[in-house]
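# Structural overview for review
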There are 2 protein chains.
Amino acid sequence: MTSKEKPQKYVYLFGEIEEVLERYDGDWESLRGLLGGKGVNLFDATSLGIPVPPGFTVTTEGCNDYLAADQNFPMGLWDQSLSAVKELEKITGKSFGDPNNPLLVSCRSGAKFSMPGMMDTILNIGMNDEITESLAKLTKRPRFAYDLYRRLVQMFGGVVMGVPDEVFEAVLTAQRRESQVEADSGLDADAWKAVTKRFREIIRSYTGREFPTDPYEQLQQATEAVFRSWNGKRAFDYRNAAGIEHDLGTAVNIQTMVFGNLGDDSATGVFMSRNATNGAPSLEGDYLINAQGEDVVAGTRATLPIRQLARDMPKQYEELQQIARRLEKHHRNMQDMEFTIEQGKLWLLQTRDGKRTAQAEVRIAVDMVDEGLITIAEAVSRVKTDQVDFFLHPQLQAEALKKVQPIAKGLNVSPGAAVGIIAFDPGLAERWAKEDGRNVILVRPETKPDDVHGMLAAKGVVTCKGGRTSHAALVARQFGKPAVVGVSDIEIDLDNHEMLVGENMVIKEGDYLSIDGNTGLIYSTKLPTQVPDFNDPYLIKILSWADDIRKIGVRANSDYPKDAQRARQYGAKGIGLCRTEHMFFQEDRLPIMQKVIVASTLSERNEAISRLLPMQRSDFEGLFRAMDGYPVIIRLLDPPLHEFLPSAPDLMMDLTDLKLRMQHLNNLKDVDRTLEEIEEKRTLLARVTALEESNPMLGTRGVRLGITIPGLYSMQVQAIFEAACRCAADGVDVRPEVMIPLVSHESEFNVMRKTLEAKAIQVMEEYDAKIPYLIGTMIEIPRAALTAAKIAESAEFFSFGTNDLTQTTYGISRDDAESGFLVQYLQDGLLKDNPFASIDPDGVGRLMKIATEEGRSVRKDLEIGVCGEHGGDPKSIHLCHKLGVDYVSCSPFRVPIARLAAAHAALEDSE
Amino acid sequence: MTSKEKPQKYVYLFGEIEEVLERYDGDWESLRGLLGGKGVNLFDATSLGIPVPPGFTVTTEGCNDYLAADQNFPMGLWDQSLSAVKELEKITGKSFGDPNNPLLVSCRSGAKFSMPGMMDTILNIGMNDEITESLAKLTKRPRFAYDLYRRLVQMFGGVVMGVPDEVFEAVLTAQRRESQVEADSGLDADAWKAVTKRFREIIRSYTGREFPTDPYEQLQQATEAVFRSWNGKRAFDYRNAAGIEHDLGTAVNIQTMVFGNLGDDSATGVFMSRNATNGAPSLEGDYLINAQGEDVVAGTRATLPIRQLARDMPKQYEELQQIARRLEKHHRNMQDMEFTIEQGKLWLLQTRDGKRTAQAEVRIAVDMVDEGLITIAEAVSRVKTDQVDFFLHPQLQAEALKKVQPIAKGLNVSPGAAVGIIAFDPGLAERWAKEDGRNVILVRPETKPDDVHGMLAAKGVVTCKGGRTSHAALVARQFGKPAVVGVSDIEIDLDNHEMLVGENMVIKEGDYLSIDGNTGLIYSTKLPTQVPDFNDPYLIKILSWADDIRKIGVRANSDYPKDAQRARQYGAKGIGLCRTEHMFFQEDRLPIMQKVIVASTLSERNEAISRLLPMQRSDFEGLFRAMDGYPVIIRLLDPPLHEFLPSAPDLMMDLTDLKLRMQHLNNLKDVDRTLEEIEEKRTLLARVTALEESNPMLGTRGVRLGITIPGLYSMQVQAIFEAACRCAADGVDVRPEVMIPLVSHESEFNVMRKTLEAKAIQVMEEYDAKIPYLIGTMIEIPRAALTAAKIAESAEFFSFGTNDLTQTTYGISRDDAESGFLVQYLQDGLLKDNPFASIDPDGVGRLMKIATEEGRSVRKDLEIGVCGEHGGDPKSIHLCHKLGVDYVSCSPFRVPIARLAAAHAALEDSE
């Protein structure tokens, strides 16, 4: 009804924020729809009393009505624009189209979402020959005036009238040649005058129309051009691709021009409200006296640090500080701003949240809590988990990275950077590192338990094969070694001590390599690194806040006392997984373990098992002491036995060698000894062959070993409880939790629990000690999850082995898939996430839900944790929080990340 | 209350059935608890008017009260026993303890459940010196009388008074020596008299007590001995093991003795109411005139066929026929009976349901329906599924089996018997079978796709390795070849063409072997077999009744038209699984398939794929024609590619051979050719190595192949629809269902469905035909079951691949486990069933339930079937019925079994 009487309001001055807010009941989202993103920011800053160059916005409704009316302004729009111009004249004291005191404006598009393909900017609207001449006289800067005019004609001719920019550029090139100057900055007023004349001739001959010299005509055509650009092909295609609706329309922002190049009382610059590198609370930025914004960015002149402005223009500097504080308070975030000082008057041109380093993020979050700007919860949610990772590993220096090209890319399986000389052999890696004190990168086709000493000696690890949970990846993460695996472009030629990268590049052993475990990129040079500090007090503060917020606990996967100590330093409250098999791979133990496996009689086997007992006991003692007061989950032996034995081909080669040696022996003693050796190898080979499995992942492992080799698990439990009793006698608060792996049927658990508990009780009786303990199981097989209620009848805790659970639930062998079809799936978008990186919520997550709910339905205080690699992955930690697990357990280096991610999950949940 | 006034009733005469029934409201289960199993049978027969020797039962309550009262008869028990004896005297006209007309009785225990360790039997109670002498005179058979007396003393002395039987046996041995006779039957009256005297002396010296000569004393002590034996150690242990409660107590049965050896008007025999071999409805049995029951069983005298009794004693024969009819009508089952004729009077001593062959079972079930004795439902439930199996396979003759010992035992993976000469090589097996027409048993360490031609040529298959779902087992079941796999006792020595069985036995290639696929036993001889007839009209009747009853459909797993025809003959209504990979293993196709795999360019690969097209098309045409009117599910290529390639070690050997050959070549053409061959092998080896997977079961198979080798599945779908269109043009009713295997995520299905459906539509347009079709998926990965609702959005059918689903749900590799830890699990009772034989209801079954319910929640008409090996397993079929799947699919030879099992499930469900 009113629309008939009074035209709709299409135009708002920047200062009219109250009016718009009222229209939308203070809903900023609708506001953004009406005024566009850029418009809203300008209204917002204006309302804060920040000196923003005055202007007005033509609404998106104006655009839509214009397009709907076959490209005719709807009633009232132009009249309102004219009134708004009048208001600008009032505010600025200048006059649009008045040669004696000309008001110049810019015209920019501004849709709800920023969008490529939309018309960008036309500056200096409001000029013509007469005004330019006058401006030249008034400012006494003819070059300044004619350059402004030239820019208007060029932008208007290109953007509004559709002349290709190359045509204008050709004129500029010709003019530079004629004036014999290198750059546009060398052209004088006359040159610009001549250029502008040519530009106008080009427009005429190209379009058959004249460049409009009437400022209002310029304004009208520019506004229409912005409207029309909403339906331009690029914008349309972009909206289709990005799923943005086509009926939103764009707003038009008309804003007064200001200039920083009007003399020594003018300036222009960019600055941050805080230090973006370390977060210190002082202004940080650069500026130039008598210059345009472009000059600061382009680096053609040496900029001055913002602090110097305090001396050059103390009033304006003080104003900048106030503006920064006001904007920080308003946006509750560090700001990144642009300003111009026009003949002493400060104008803020732009503000946005500032980008910063991880270190700065953390400090700023803590400082802002202290300053009362944000809450603790906000501070914690603001710090991202990968920012914490930064504090744990050296990083390649960002500056240096800009100047080099990577030679290959693999999977980024263990974060941080490493730089060193290439060794292809773990023994060589160890020698170079230990004896020569050099930094080494171990490069292998893939790694095996045998290679661990070389991995430990190296600064970083690269493999050609293997996936995100390959041996190399697991061990590297465990020990915080940066690693890149599955680099299929690398082919190692061990004979020639070199590797081929791609088709042509050959790199020798001993050459330098830099690897980035965060990105998976590899560089064939020695790049500089920077080492952050985990003891950063701000980080410690953030993490302790996170600890207060989070609902789930964080433990660490640690196999050795040193690991456990580190885990504790990083904030782990217990060990969620100690993999006892890693202890058996140690050099002094492997031969005994092999005896256990190849023993031909029961007593021979038991004898070997009993030799492992004291070793295991001392392992566990170390862990218990390191984790005094916290629970320690010890997983009984898990991997298939053949992992402890040499491979069949290796053994066959050994046998061949021995037989050849026989031909050259010349004393009977040697013959006897060699015959004995042959016999030994033959026995070993027979056992290796017998243990071969087509699918070892689904084979005789975990509890299946415990049941088929009765003495083994008993020995481990004896060692655990002997260690516990000894520690307890020294006053250590010991809390062992015995974990039986790979259970798929409750009877497996029941039969083992009976035997093992009897052994535990026997040991405690011998030591006359009473140790609080739990016996529980891994849930890593779908059937275990599906029958959790039955298993929980006798299991006191569950620990989800999400790596294996993912393998069986998905039917994917991680060893094969991550260098196979899974890569293609992820590339093609068939899968959004690698299920070995983040827990698959629909499959694995559902099984975890079933197990958690049904396990607890039988045993209310069932302790439930996650000890797969996922335990350190933020996405997975969110899922775990939702499922209500008691804790996650991850490698020591992921513990801080897990603490923070768990807090994020709790915060998200409470929203 | 009444118990104080009137003693409890502890004793019931056989005729007092009404009284007991009333006490328990006709509940026979309670009756059995009170009178014991044996007692109930005697009461039952008596109530039918069958001439059972009269007697009475002391109840289990009597036993319990006796034991509770510290081995004292409760009030009334003995008085009631005495009254019952009086009743027996009345009925028989004899008198207990009266030398002139002595009544003799037996005393037997009879608990609710039959139980070893309980006191068995004391015969001839009621004799002493005087009565024996009198009986000798009365019957004019002194030897008869003294033998009876001797037996009483011996049994009483042993069972009641606790003298070890060996002592009595020693006396008998001595007496035989003294009398110079071979057997006890040679001893005369005087000898027995002397023996009895010695027995009584032994009792006296052994126990310090006299053999009680008072008949009532004998009865009382015998009753107490039965009571006490309830708490004997053996009975107690047995109850513990069998889970029988200890407070049930045992009843005591006192029954009049009758004698078949009192002259030519006496006889004794056993007979069945129908022929136990073929089920024909006529009496079948043996008897002897003037003999004891033992004589008939012992075979010391030649027995007469029961039919001859019609001539010898026509009246009694007629009576026997009437009794058989009456008992069959009462028990609604064929009866196995014992009788005695004492001086013309017929007594029935025992009746029970008769054991019979599968053939007899089937015929009797059908006949009894015709006779109105049982319902169709009863007939169907009475025939067991493994009895149907009997009609499908030759069997080793039962008689012959009694005389031989097996040499080894393996897994009974494919039923039926096979007899033939051993071949260790599939080529040799084929040659001997085809060229020489001999029956061959193929014996292999394990089988591979390459060996199938030898398996098909052989009568039966034996392997040393592999489990219930090994290649050998699967193929053997598929083709109905009897097979025994995983015979670990056999070691094949290919070089010497012999095999070692156990430690010592060596068997040569070409020697005879008989194998029993029903039991897994192997015999080193040529055993006779018998071939049953699947066209047995009674079987056909039973199965057609089963078809009317069952609620779920039965399809067959068939890969070839010939298979499909057989499946149809056996009653399959469609194909539930056609494994297209089997087609690629055929000799003419394998090289092309290998080209597909090793192709170095896309066009090379596509060329090879297109060569497979016409072959596949003709395969499918055959199937569609054979299954005219029924659905045919075709599974697209499933196995990992390396299965189509030779093994790496084989290739390396080939390469070595070729290199050696190079040294002896003397013309350049040969050199060139050999070099080319080497290059080919080398390429193949590289591809084989690249395709190696640590866990192929979880590797690049199924839909993962379809996605990574785009053209392959399209070609198969093209072949399917071209075949379908051609058949349809000939008037065949074609219903193809395209099955995408190994889906674990809905996007895998969606992306394939889109491509394949487009291809199908294109073909149908080309042929201008409209074929009704479905596109669906295997559910064989836990995640697929857990996300069934998402998959069912675009899948039109589910088929549970329960083999793989069991592997992944349990985390068990069947190839390894069935010859590994799973065997121990089953032996130790950790698992009750092999989950690869019967679907695990708690794990796999639960996933099936989730998938079925949630799949149908999205798509009501979702077709759901089972195509794993479990589809032919009765237990699994019961589960499938409960889950409400639409059909099961199994190998053609299991189809009749599945039809019956499905009916059983429906019957059980309706109960």
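A brief report on the enclosed structure follows. (Residues numbered from 1 in each chain as written. Chains lettered and ligands numbered in written order. Predicted model: local features only at pLDDT ≥ 70, side-chain atom pairs only at ≥ 80, totals over all residues. Heavy atoms only, no water.)

### So, the sheet that holds strand E4 (residues 121-125) of chain A
The strands that make up a sheet pair up through hydrogen bonds in the backbone, lying either parallel or antiparallel. Residues and elements named next belong to chain A. Spelled out, the test is: Whether two strands pair depends on DSSP finding at least two bridges between them. Secondary structure counts use DSSP, requiring at least four H or I residues in a row for a helix and at least two E residues in a row for a strand, with both numbered from the N terminus. The axes used here are C-alpha line fits, helices contributing only the stretch in contact, and every angle between their N-to-C directions lies in the interval 0 to 180 degrees.
Taken in spatial order, the 5 strands make up an open sheet running E1-E2-E5-E3-E4, and their pairing is antiparallel. Looking at strand neighbours, the two that pair on one side only are strand E1 (11-13) and E4, the edges of this open sheet. Within this sheet the neighbouring strands show an average axis-to-axis angle of 20°, counted without direction. One ladder, built from 3 bridges, connects strand E3 (residues 105-111) with E4; its direction is antiparallel.

### Looking at helix H15 (residues 358-370) of chain A
Because each turn of an α-helix spans 3.6 residues, side chains separated by three or four positions end up pointing in the same direction. Residue and element names in this part refer to chain A. Put simply, the rule is: Given a helix with a known number of residues, its expected span is that number minus one, times 1.5 Å. Throughout, exposure labels follow a simple rule: accessible area from a 1.4 Å probe, protein chains only, divided by the maximum for the residue type, with under 20% read as buried, over 50% as exposed, and the rest as partly exposed. Contacts were defined at the residue level, with two residues in contact if any of their heavy atoms lie within 4.5 Å.
The end-to-end C-alpha separation of H15 is 19 Å, in line with the 18 Å expected for 13 residues at 1.5 Å each. With 10 of 13 residues buried, H15 is to be regarded as a mostly interior element. At its buried positions, H15 is contacted by helix H14 (314-331), helix H16 (376-382), helix H17 (385-390) and helix H22 (537-549). Looking at the residues trailing H15, positive phi occurs at Gly-372, about 75°.

### Points about the environment of Ser-618 of chain B
Residue and element names in this part refer to chain B. With respect to the secondary-structure elements, Ser-618 resides in helix H26 (residues 602-626). Judged by its relative accessible area of 43%, Ser-618 is partly exposed. Taking the C-alpha atoms as reference points, Ser-618 and Glu-722, 104 residues apart in sequence, are found 9.4 Å from one another.

### Quick look at the nonpolar core
What counts here: Nonpolar cores are built from buried Ala, Val, Leu, Ile, Met, Phe, Trp, Tyr and Cys residues. Side-chain atoms within 4.5 Å join them into one set.
Judged by nonpolar contacts, the single largest core of 292 residues is most densely connected at Phe-624 and Ile-740 of chain A together with Phe-620, Phe-624 and Ile-740 of chain B. Contact partners of Ile-740 of chain A, with chain neighbours within four places excluded, come to Leu-636, Val-703, Tyr-713, Phe-749, Met-752, Arg-753, Leu-756, Ile-775, Gly-776, Thr-777 and Met-778 of chain A. Tyr-10, Val-105, Ala-136 and Ala-222 of chain A belong to the second largest nonpolar core, which has 63 residues in total.

### Considerations on the environment of Met-118 of chain B
Within the element layout of this structure, Met-118 of chain B appears in the loop between strand E3 (105-111) and strand E4 (121-125). Once residues within four sequence positions are removed from consideration, Met-118 of chain B is found in contact with Ser-109, Ser-229, Trp-230, Ala-235 and Thr-250 of chain B.

### Regarding unusual backbone geometry
In most cases, non-glycine residues show a negative phi, while peptide bonds are predominantly trans. Residue and element names in this part refer to chain B. Within the chain, Gln-180 stands out as a residue other than glycine whose phi angle is a positive 50°. Along the polypeptide, Gln-180 turns up in the loop between helix H8 (165-179) and helix H9 (189-207). Using a relative accessible area of 73% as the deciding quantity, one classes Gln-180 as exposed. The backbone of Asp-768 shows a phi angle near 50°, a positive value even though the residue is not glycine. Along the chain, Asp-768 turns up in the loop between helix H31 (746-767) and strand E28 (774-779). Judged by relative accessible area, which is 71%, Asp-768 ranks as exposed.

### Concerning the interface of chain B and chain A
Quick reminder of the rule: Here's the idea: put two parts together, see how much 1.4 Å probe accessible area each one loses, and the total over both is what we call buried area. What counts as a salt bridge is simple: a side-chain nitrogen of Lys or Arg found within 4 Å of a carboxyl oxygen of Asp or Glu. Pairing of N or O atoms within 3.5 Å defines a polar contact, subject to two protein rules: one partner must be a possible hydrogen donor and the other a possible acceptor, and residues neighboring in sequence count only if both atoms are side-chain atoms. Three categories are distinguished: nonpolar for Ala, Val, Leu, Ile, Met, Phe, Trp, Tyr, Cys and Pro, charged for Asp, Glu, Lys and Arg, and polar for the others, with Gly belonging to the last.
Facing the 43 residues of chain B at the interface are 43 residues of chain A. Buried area between chain B and chain A, both sides added, is near 3,900 Å², and the carbon and sulfur share of it is 54%. Linking Asp-842 of chain A and Lys-790 of chain B is a salt bridge whose minimum nitrogen-to-oxygen distance equals 2.5 Å. Where chain B meets chain A, there are 30 residue pairs in polar contact (both at pLDDT 80 or more). Of all the secondary-structure elements, those providing two or more residues to the side of chain B that touches chain A are helix H29 (703-708), H31, helix H32 (782-786), helix H34 (802-810), helix H35 (814-817), helix H36 (821-828) and helix H37 (844-858) of chain B. When grouped by side-chain class, the residues that make up the side of chain B that touches chain A number 17 nonpolar, 15 polar and 11 charged.

### A short note on the relation of the copies chain B and chain A
Selection rule: Least-squares superposition of the copies uses the C-alpha atoms of those residues scoring a pLDDT of at least 70 in each of them.
Take chain B, turn it by 179°, move it 0.3 Å along the axis, and it overlays chain A with an RMSD of 0.6 Å. As the rotation angle and translation indicate, the two copies are arranged about a two-fold axis. Of the C-alpha atoms belonging to chain B, the one lying closest to the rotation axis is found on Asn-695 of chain B, 1.9 Å away.

### A short note on the sheet that holds strand E31 (residues 887-890) of chain A
Residues and elements named next belong to chain A. In space, the 8 strands of this closed barrel follow the order E24-E25-E26-E27-E28-E29-E30-E31, with parallel pairing throughout. If you compare each strand with its neighbour and ignore which way they point, the axes differ by 25° on average. Across 4 bridges, the pairing between strand E29 (residues 797-800) and strand E30 (residues 863-866) is parallel. Within the sheet, the bridge partner assigned to Ser-799 lies in E30 and is Gly-865. Strand contacts of helix H37 (residues 841-858): E29 and E30, with the helix running at about 175° to E29, the strand carrying the most contacts.

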